[in-house]
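# Coordinate analysis (summary)
What follows is each chain in one-letter form.
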Amino acid sequence: HTRVVSDWSSDVCSSDLGEMGFPFEETRLWKSTLAERPNDELSAPRSRLRSALLSLRERAGLLAGEIPLELRELTVHDLSHSDSLWETAELILGADTQLNPLEAFVLGACFLVHDLGMGLAAYPEGLDSLKSHRLWFGMLRNFIKQSMGTAPTEEQLLNPPTEALRRTQFELLRLLHAERAEKLAYTSWKDGKGDQFYLIDEMDLRQSLGHLIGQISHSHWWPIGDVARYFDRDQGPPVCLPGEWQIDTLRVALLLRLSDAAHIDAGRAPAFLRILRHPEPNSDIHWAFQEKLNKVQIDGDRLMYTGSPFAQSEAGAWWLCVDTLRMVDRELRHADSLLSDRGEARFQARSVVAADDLPVLAKLIKPDGWVPVDARIH
């Protein structure tokens, strides 16, 4: 197979980005859809979408920067993640299948919005919004009981221990983040003077596309069957854009889902940041395996993951890596089957190399000084 990596070199450091622009602007996916081009007959609508997306990116970046305030133990969910999804989507999509500029705009907006609900800043009313949710007191009661060994009193529920409050907030934000994403494209934040701020500043685009962006962002946590049933029709463009820019909603939803699942590498779990945050064991094992992985590549019609060796003490992280790659493999296979059954153009990436072949996978992501044995009961 011909082995291909994305156009943007991994040697580019963050200090270089001021000169070259944003990293995703070097991807083929961006250049073929939203980038400026000479003698462009559609320059005005293309520029409108490009400006709106870059403006959205700026505000989404501020929201994403607030996520570690409540969920500091999770791996990285900032702009570096959403920017990298352009590269991952490009690998999955392949050179033979393309998006139109409006589909690229919606996909890029979903890249930016889909994880923002992990931060309390995504709720304009703050913690009061979580406390009013039907799950709040049940989860709080359970965490207080776990820490104290007895059922909490009404006074303890109203004035909970700090650790129980933190764990409840953490779990509820994580659990609801996809659901919250559905509302963010048309949620407003007000300043002290009553002025309103939106993620999508342009009203026409927000009103015509905000609901769809929210639904697709939410769908990355749905069962794949629900995605297929819900996004079964194309959507026409807003009246301000060319009529041929229809949105294949299923294709965009699948690309978000697959790109997000497949984006696992050291960029999501920087080693030094792991030291600074001291994640708890349940979270730390996710950091441990991701910091070992290199950038994903495409090998024929399969995604290929490689990484640095795992010591015997890191065997648990290696097996979690295997489980995660098998999850990515299932997602790719389900999406490919869905597109094939519908007679639609298939994505280039359709599975993961060696996801179910441990000896081969152990050559790509090596155990160091120990031999993995698959002891699953078949």
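Let me begin by describing the structure that accompanies this report. (Residues numbered from 1 in each chain as written. Predicted model: local features only at pLDDT ≥ 70, side-chain atom pairs only at ≥ 80, totals over all residues. Heavy atoms only, no water.)

Once that is clear, we can look at the packing of aromatic side chains. This model, assessed by the stated rule, comprises 10 aromatic pairs. A ring pair is formed by Phe24 and Trp86, whose centres lie 5.6 Å apart and whose planes are at 20°; its orientation type is stacked. Of this pair, Phe24 sits in the loop between helix 1 (17–20) and helix 2 (28–31) while Trp86 sits in helix 5 (residues 79–93), placing them 62 residues apart in sequence. Each member of the pair Phe24 and Trp86 is classed as buried. Ring centres of Trp222 and Phe231 lie 5.8 Å apart, and the angle between their planes is 10°; on these two criteria the pair is classed as stacked. On the basis of relative accessibility, which here comes to 3%, the residue Phe231 falls in the buried class. Here the aromatic residues Phe22, Phe24, Trp30, Trp86 and Phe111 are joined through ring pairs into a cluster of three or more. The positively charged end of Arg57 is found above the aromatic ring belonging to Phe22, 4.0 Å away from the centroid. Cation over ring: Lys292 sits above Phe310, and NZ or CZ is 5.6 Å from the ring centre. (Phe/Tyr/Trp six-rings, centres within 6.5 Å; stacked < 30°, edge-to-face > 60°. Helix = DSSP H or I, 4+ residues; strand = E, 2+ residues; numbered from the N terminus. Buried < 20%, exposed > 50% of the residue type's maximum accessible area, 1.4 Å probe, protein only. Lys NZ or Arg CZ within 6 Å of the ring centre and 35° of its normal.)

Right, let's get into the pattern of salt bridges. Overall, the coordinates contain 23 salt bridges when judged by the stated rule. For Arg257, the salt bridge goes to Glu331, with nearest N and O atoms at 2.7 Å. Taken together, the positions of Arg257 in helix 13 (residues 249–262) and Glu331 in helix 16 (residues 315–341) put the pair 74 residues apart, joining distant regions of the chain. For the pair Arg257 and Glu331, one class covers both residues: buried. In this structure, Arg350 and Asp336 form a salt bridge, with 3.6 Å as the shortest nitrogen-oxygen distance. Taken as a pair, Arg350 in the loop between helix 16 and strand 7 (351–352) and Asp336 in helix 16 lie far apart in primary sequence, 14 residues in all. The partly exposed category is assigned to Arg350, whose relative accessible area is 26%. Via salt bridges that share partners, Glu73, Glu163, Arg166 and Glu280 belong to a single interconnected network. (Salt bridge = Lys/Arg side-chain N within 4 Å of Asp/Glu carboxyl O.)

Moving on, we come to the nonpolar core. Side chains of a nonpolar character, in soluble globular proteins, are inclined to be buried together. In terms of nonpolar packing, the biggest core is built from 111 residues, with Phe105, Val106, Leu303, Tyr305 and Ile365 touching the most fellow members. In terms of residues, this core owes the most to one element, helix 16, which gives 12 residues. Residues in contact with Phe105, not counting those within four places in the same chain, are Leu34, Leu49, Ala52, Leu53, Leu205, Leu209 and Ile213. (Core = buried A, V, L, I, M, F, W, Y, C linked by side-chain atoms within 4.5 Å. Contact = heavy atoms within 4.5 Å.)

To continue, consider the side chain of Arg277. Secondary-structure assignment places Arg277 in helix 14 (residues 271–277). Look at Arg277: it is buried, it has no salt bridge, and the nearest opposite charge is Asp78 at 6.6 Å. For Arg277, the residues in contact, after removing those within four places along its chain, are Pro68, Arg72, Leu74 and Trp287. (Lys, Arg positive; Asp, Glu negative; His and termini not counted.)

In this structure, His278 takes a positive phi of about 50° despite not being glycine. The residue His278 is located in the loop between helix 14 and helix 15 (281–290) in this model. On the basis of relative accessible area, His278 is assigned to the exposed category, the value being 62%. One non-glycine residue, Ala354, lies in the positive phi region at around 65°. Its place among the elements puts Ala354 in the loop between strand 7 and helix 17 (358–364).

Where helix 13 contacts helix 16, the axes come no closer than 9 Å and their chain directions differ by 165°. When the axis of helix 13 is compared with that of helix 16, the two are roughly antiparallel. The crossing of helix 13 and helix 16 is left-handed. In this structure, helix 13 contributes Leu250, Arg251, Leu254, Arg257, Leu258, Ala261 and Ala262 to the contact, and helix 16 contributes Met327, Val328, Glu331, Leu332, Ala335, Leu338 and Leu339. Here the residues of the contact of helix 13 with helix 16 sort into 11 nonpolar, no polar and 3 charged. (Axes fitted to C-alpha atoms, helices over the stretch in contact; angles between N-to-C directions. Parallel < 35°, antiparallel > 145°, perpendicular 65-115°, else oblique. Left-handed = near helix turned anticlockwise from the far one by under 90°. Nonpolar A, V, L, I, M, F, W, Y, C, P; charged D, E, K, R; others polar.)

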